[in-house]
Amino acid sequence: MTKPFIYIVLFVVCSAFTTLHYYPIDGYGQTGIKRLKRLELIKSGEIKNATPLPAGAMKAYSEIELNLLSRNQDSATALMTIDADFQKEINNLFRGLDKSYSLTVVDISDVEHLRYAQRNETSGYQPGSVGKLAVLNGLFVQLAKIYPDSWDKRTELLRNKSVQAGVWGLTDEHTIPIYNIEKNTLVKRQVIASDVFSLYEWTDHMLSVSNNAAASIVWREVLLMAAFGEKYPDLTQEESDAYFKGTPRKELTDLGNDVVNLPLRDLGITADEWRLGSFFTRGANTYVGDKGGSIGTPFGLMKFLIQLEQGKVVDEQSSLEMKRLLYMTDRRIRYAQAPALKEAAVYFKSGSLYKCDRSKGEACGKYMGNVTNFMNSVAIVEQPDNCNYMVVLMTNVLRKNSASDHMYLAGNIDKLIRMN
């Protein structure tokens, strides 16, 4: 492994098959997400022999804040103005490498003097599970439409509205953590059609373990919110089933596409910069089709991150809650495993998609595709010394799983930003 290669990988992160956990660990009371109760017990020492939580995962619910509220009058693109010196430093990391690596990075440590750099920022990639952020955004858009004047009612709906997986949760090889508070037992298994969880828990499953079944289920509920509006909170399972059985497939496909993509357009993110074209499970295709294909670019995704930190994704409360849902609070792997990030709070989502052609006689396997090998990540890193930055990296490096390099690379980029 050569030194230039170690420097370049930067923030390529984990795929949808990894086990990570999010949201502040004291958030059980606010959300009803049961696995958070287990994390509280681990932190307090009541559960023994569990993997210790990293120091950067210890932020409380009330301690998570948005970093760019003071700059919310600026457009995202205005804040994405290249800093010449910073750009030179970033360019050095890519010396001798091709366009398989695309990046946007912004240092927000000094909110009045941001530093931004980019590389192949408009190149389009299959976003994989990073696309679940569009579902998250769509969810909070619809919540605001149902309860425009009450944040408490929005979170009450997330906490108290429970829905069944049904065929939409089939099939997905990823597991979900199911914690029984009374018995203090944790089981990890695939979603089955009879599973029932609250909207908060399905959303957490979608993000914390990147469960595809949960993503399709949340997306389904966003579609139903748009279709039924203020009647949605009291919508029954029978009414939901009847709607999907009685509505033309094209109408469902069009509405399903709109509820996750039009909110991105409202943020000034174009269809060529980021769009989501298909649900995450085959079961969902029973009712809805694919439309428009999925694509993501570092430029479009950075627009989203900046506006999230500005409190402009739906509104300030929604932006903050989405950020909480992206907070990593458990096992850290790859880039987040770097010693340099141990004390840092990390908010992130990653995705991958690979394809093999074994007729070529080449080594090819999981995360080592020889046709395509997409690995993508969005990350917000907050160090205790107020070194804060955001990164979007999208790559398509064939025939190599570079996971073992990532924790070293995270330290390099962290050092680069903190030395200035």
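Conventions and cut-offs
- Residues numbered from 1 in each chain as written.
- Predicted model: local features only at pLDDT ≥ 70, side-chain atom pairs only at ≥ 80, totals over all residues.
- Heavy atoms only, no water.
- Helix = DSSP H or I, 4+ residues; strand = E, 2+ residues; numbered from the N terminus.
- Rg over C-alpha atoms; globule rule 2.2 N^0.38 Å.
- Buried < 20%, exposed > 50% of the residue type's maximum accessible area, 1.4 Å probe, protein only.
- Contact = heavy atoms within 4.5 Å.
- Areas by Shrake-Rupley, 256 points an atom, 1.4 Å probe, with all protein chains shown as cover.
- Disulfide = S-S within 2.5 Å.
- Salt bridge = Lys/Arg side-chain N within 4 Å of Asp/Glu carboxyl O.
- Phe/Tyr/Trp six-rings, centres within 6.5 Å; stacked < 30°, edge-to-face > 60°.

Considering the overall build of the chain
Helices and strands together make up the secondary structure of the chain, namely 14 helices and 11 strands. Taken against the 2.2 N^0.38 rule, which gives 22 Å for 420 residues, the C-alpha radius of gyration of the chain at 21 Å falls within 12% of a compact globule. Across its three principal axes, the chain shows a C-alpha extent of roughly 60 × 50 × 45 Å. Taking all 420 residues of the chain together, the buried fraction comes to 58%. Across the chain, every contact between residues at least 6 apart in sequence was considered, and the portion connecting residues at least 24 apart equals 73%. Carbon and sulfur atoms make up 48% of the accessible area of the chain, which amounts to about 16900 Å² in all.

As for the state of the cysteines
On inspection of all chains with the given rule, the structure shows 1 disulfide. For Cys356, the disulfide goes to Cys364, at an S-S distance of 2.0 Å. Disulfide Cys356 to Cys364: torsion about the S-S bond roughly -95°, handedness left-handed. You can call Cys356 partly exposed: its relative accessible area is 25%.

Side note on the pattern of salt bridges
This structure, assessed with the given rule, holds 20 salt bridges. In this structure, Asp254 and Lys250 form a salt bridge, with 2.7 Å as the shortest nitrogen-oxygen distance. Of this pair, Asp254 and Lys250 both sit in helix 11 (residues 249-266), separated by 4 residues, roughly a single helical turn. Via salt bridges that share partners, Lys59, Glu309, Lys323 and Glu382 belong to a single interconnected network.

Some remarks on the packing of aromatic side chains
Per the counting criterion, the structure on display carries 16 aromatic pairs. A centroid spacing of 5.6 Å and a plane angle of 40° characterise the contact between Phe244 and Tyr287, whose relative ring orientation is tilted. Here Tyr287 lies in the loop between strand 7 (274-275) and strand 8 (295-296) and Phe244 lies in helix 10 (residues 237-246), a separation of 43 residues in the sequence. This pair shows no difference in class: Phe244 is buried, exactly as Tyr287 is. A centroid spacing of 5.5 Å and a plane angle of 85° characterise the contact between Trp274 and Phe304, whose relative ring orientation is edge-to-face.

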